[in-house]
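# Descriptive analysis of the structure
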Amino acid sequence: MKPLDQLVQQEGAIQDRSIYWDNDVYQAEMEHIFARCWLFLTHDSIIPEKGDYQVTTMGEDNVIVARQADGSLKAFLNSCTHRGNFVCFSEAGNTRSFVCPYHGWSFGIDGSLQDVPLEKQAYHQEIDKTALGLRQIRVASYKGLIFGTFDESAPPLEKYLGGMAWYLDSFLDVPGGIELIGPPMKSTLECNWKNPSENFIGDGYHVGWAHASALEIAGGSLASMKGLNEYDKNSGLQISLPEGHGFGAIWECVAALHPGPPGVAYQQWVDQRSPAVKEIVGEQREKFYRAHWNATIFPNCSFLYGTNTFKVWQPRGPHSIEVTTWTMVEKEMPKELKDMIHADNMLTFGTAGILESDDGENFENCTNSNRGHSTRQGTVYLGMGQGHERQEAGLPGIVSDGWVNETSTRGMYRRWAEMMSGKSWDNLSTTADLENNQ
Ligand code: UNU
Ligand code: FES
Ligand code: FE
């Protein structure tokens, strides 16, 4: 691996291409990023009842998150402490125990080892079951969004989200909150995990170009972007948080990618909810509630608020990911509206969605060009809008005009480099430090 200051240069504006290809970089990411960050696991609405569980991965570690009898959550490795087999083979469900298929050890929904076959006859009643539970993982939720971390020294989830939490509240604090509709769609893309994360955090640039045909078909208020002939930088902004999270907002465009009757119904819902939302979150964030967002929660959880797609990019080696896609809706929406939005998400950003396939091909090719030894010696460029960022009273983080910008994308790579250096959490930058230095 090259020295870190060569991998990301100029405050995130230059990336060395090896970071999209080399296995040693990928293994360092598993250690410094995926074993340390809070990673999205699932949503309260997916596992509401005692015994409900979801199996997912944190990096490449297979984990189970389960609802306990008292309503709390526990997460633990899906790997038997006897010889290592998985103890759960379904993706989600409801159970009283996880029984390993190899020798029959059984674990409770809290991960504790409950029963060992032939405990008396073969183990002489000497086995210490309390020491052989499934390895526990820190778990926490923020307004229904459930995350886990392997790092005992990681800050509390809310602090990890930093200034992003304040923005997320624009739609998490609506009466009833949000829910995710599952089971999630799953697909594989042959790309590095950072290509989709950087796209969702701040690539407004590709929308009018890569999605030109899709916008033509979809119509709606973003259709004027097609071919990148027209664009007003006052139509939105980008926000970058020191914690690595970020998003772009397009004002008054919440339902832009739900054309036709779903778009009308969704816009009516938002219009009717806005006064109540404004009461709760204030005028500034009502504007965000009515905007379209493209966003990433560092490192690999992305969503389009308004287009209602919610994704995790699960790394599977340096050139491969598993994409998990849910539909994000407000819990109090009528069922017909939720169904329409869910169908629209499948049409646009589902596995075979018309915009998803535009993106997927670009992600794969941006990774795969670096297969070439000589190509891989070079760098790629993310300098759009650099030097035009500002801090703004009342808006956490770094603000930049225009949703076609690369401010939030640079922020992601700045954080990537910061974490790859192995700094302790105390020395990693935060939204609070940024505000204090203002
Ligand atoms: O494709 C996207 N990431 C996107 C689509 C972003 C903004 C608006 C629509
Ligand atoms: Fe952006 Fe080629 S124009 S990757
Ligand atoms: Fe896209």
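Residues numbered from 1 in each chain as written. Chains lettered and ligands numbered in written order. Predicted model: local features only at pLDDT ≥ 70, side-chain atom pairs only at ≥ 80, totals over all residues. Heavy atoms only, no water.

### Re empty space enclosed by the protein
Left-over empty space is what a probe sized like a water molecule reveals as it rolls over the atoms. A full pass over the atoms with the stated rule returns two cavities of 30 Å³ or more. Roughly 180 Å³ of internal volume is contained in the largest cavity. Secondary structure elements with two or more residues in the lining of the largest cavity: helix 5 (194-202), strand 16 (292-297) and helix 10 (354-368). Class assignment for the residues of the lining of the largest cavity results in ten nonpolar, six polar and two charged. As a volume, the second largest cavity reaches approximately 50 Å³. Lining the second largest cavity are Phe171, Ile178, Tyr266, Tyr305, Asn308, Met328, Val329, Glu330 and Met333. The leading source of residues in the lining of the second largest cavity is strand 19 (residues 321-330), at three residues. (1 Å grid on protein atoms, 1.4 Å probe; cavity = no way out; pocket = protein on both sides within 12 Å on 5 of 7 lines; lining within 4 Å. Points joined across faces, edges and corners; volume = space filled by probe spheres on them. Helix = DSSP H or I, 4+ residues; strand = E, 2+ residues; numbered from the N terminus. Nonpolar A, V, L, I, M, F, W, Y, C, P; charged D, E, K, R; others polar.)

### Topic: the site of ligand 1
Around ligand 1, the neighbouring residues are Asn199, His206, Val207, His211, Leu222, Ile250, Leu257, His292, Asn294, Leu304, Phe349 and Asp359. One of the side-chain N or O atoms of His211 is found 3.1 Å from an oxygen atom in ligand 1. In a pocket analysis with a 2 Å cut-off to the grid points, ligand 1 is assigned to the largest cavity. (Near = heavy atom within 4 Å. Polar contact = N/O pair within 3.5 Å; in protein donor to acceptor, adjacent residues only side chain to side chain. Sits in = over half its atoms within 2 Å of the grid points.)

### Describing helix 8 (residues 260-289)
Here helix 8 contains 30 residues, and its C-alpha end-to-end distance of 21 Å is more than 12% below the 44 Å for a straight helix at 1.5 Å per residue. The sharpest bend along helix 8 comes to roughly 125 degrees, located at Gly282. (Expected span 1.5 Å × (residues − 1). Bend = angle between axes of the 7 residues up to and from the residue.)

### Quick word on the pattern of salt bridges
Going through the model one piece at a time under the given rule, you end up with 25 salt bridges. In this structure, Arg414 engages Glu11 in a salt bridge whose closest nitrogen and oxygen atoms are separated by 3.2 Å. Of this pair, Arg414 sits in helix 11 (residues 407-420) while Glu11 sits in the loop between strand 1 (8-9) and strand 2 (14-16), and the two are 403 residues apart along the sequence. According to the relative accessible area criterion, Arg414 is partly exposed, its value standing at 29%. Linking Glu418 and Lys423 is a salt bridge whose minimum nitrogen-to-oxygen distance equals 3.9 Å. Residue Lys423 is classed as partly exposed on the basis of its relative accessible area, which comes to 36%. The network of salt bridges with shared partners includes Glu91, Lys186, Arg316 and Glu322. (Salt bridge = Lys/Arg side-chain N within 4 Å of Asp/Glu carboxyl O. Buried < 20%, exposed > 50% of the residue type's maximum accessible area, 1.4 Å probe, protein only.)

### Some points on the coordination of the iron ion (ligand 3)
For a metal with four tetrahedral donors the ideal donor-metal-donor angle is 109.5 degrees, whereas six octahedral donors ideally subtend 90 or 180 degrees. The coordination sphere of the iron ion (ligand 3) contains the protein donors His206 (NE2), His211 (NE2), Asp359 (OD) and Asp359 (OD), at a distance range of 2.1 to 2.3 Å. Read N to C, the donor residues that coordinate the iron ion (ligand 3) are spaced as H-x4-H-x147-D. (Donors = N, O, S within 2.8 Å, 3.2 Å for Na, K, Ca; no water.)

### Let's talk about the sheet that holds strand 3 (residues 39-43)
Taken together, seven strands build an open sheet; the order of strands is 3-12-11-6-5-4-7 and the sheet is antiparallel. Because the sheet does not close on itself, it has two edges, and the strands there are strand 3 and strand 7 (92-94). Averaged over all adjacent pairs, the angle separating strand axes in this sheet is 30 degrees, with direction ignored. Pairing analysis gives six bridges linking strand 4 (residues 52-58) to strand 5 (residues 61-67), with the strands arranged antiparallel. Following the sheet pairing, Thr56 is matched in strand 5 by Val63. (Pairing = 2+ DSSP bridges. Axes fitted to C-alpha atoms, helices over the stretch in contact; angles between N-to-C directions.)

### Focus on unusual backbone geometry
Note the cis peptide between Gly182 and Pro183, where omega equals -5 degrees. Considering the arrangement of structural elements, one finds Pro183 in strand 13 (residues 178-189). Following Phe298, the chain continues to Pro299 via a peptide bond in cis, the omega torsion being 5 degrees. By secondary structure assignment, the location of Pro299 is in the loop between strand 16 and strand 17 (301-305). Of note, the phi angle at Glu11 is positive, near 55 degrees, even though the residue is not glycine. What makes Glu11 exposed here is its relative accessible area of 52%.

### What to know about the packing of helix 2 (residues 23-34) against helix 11
One way to put it is that helix 2 packs onto helix 11 with a least axis distance of 9 Å and a crossing angle of 85 degrees. As the angle between them shows, helix 2 and helix 11 are arranged roughly perpendicular. The segment helix 2 lies against helix 11, with Val25, Ala28, Glu29, His32 and Ile33 engaging Trp416, Met419 and Met420. Broken down by class, the residue content of the contact of helix 2 with helix 11 amounts to six nonpolar, one polar and one charged. (Parallel < 35°, antiparallel > 145°, perpendicular 65-115°, else oblique. Contact = heavy atoms within 4.5 Å.)

### A few points about the nonpolar core
Ranked by internal contacts, the top residues of the largest apolar core, which has 107 residues, are Phe171, Trp293, Phe303 and Trp416. Residue contacts for Trp293: discarding those within four places in its chain leaves Tyr167, Leu168, Ser170, Phe171, Phe247, Gly248, Phe288, Phe303, Leu304 and Tyr305. Tyr53, Val55, Ala66 and Ile127 belong to the second-largest nonpolar core, a separate cluster that totals 16 residues. (Core = buried A, V, L, I, M, F, W, Y, C linked by side-chain atoms within 4.5 Å.)

### Some details on the environment of Val139
Mapped onto the secondary structure, Val139 falls in strand 11 (residues 136-142). What makes Val139 partly exposed here is its relative accessible area of 23%. Separated by 64 residues in the primary sequence, Val139 and Ala75 have C-alpha atoms spaced 6.2 Å apart. If sequence neighbours within four positions are ignored, Val139 has contacts with Trp38, Leu41, Val65, Leu73, Lys74, Ala75, Ile146, Phe147 and Gly148.

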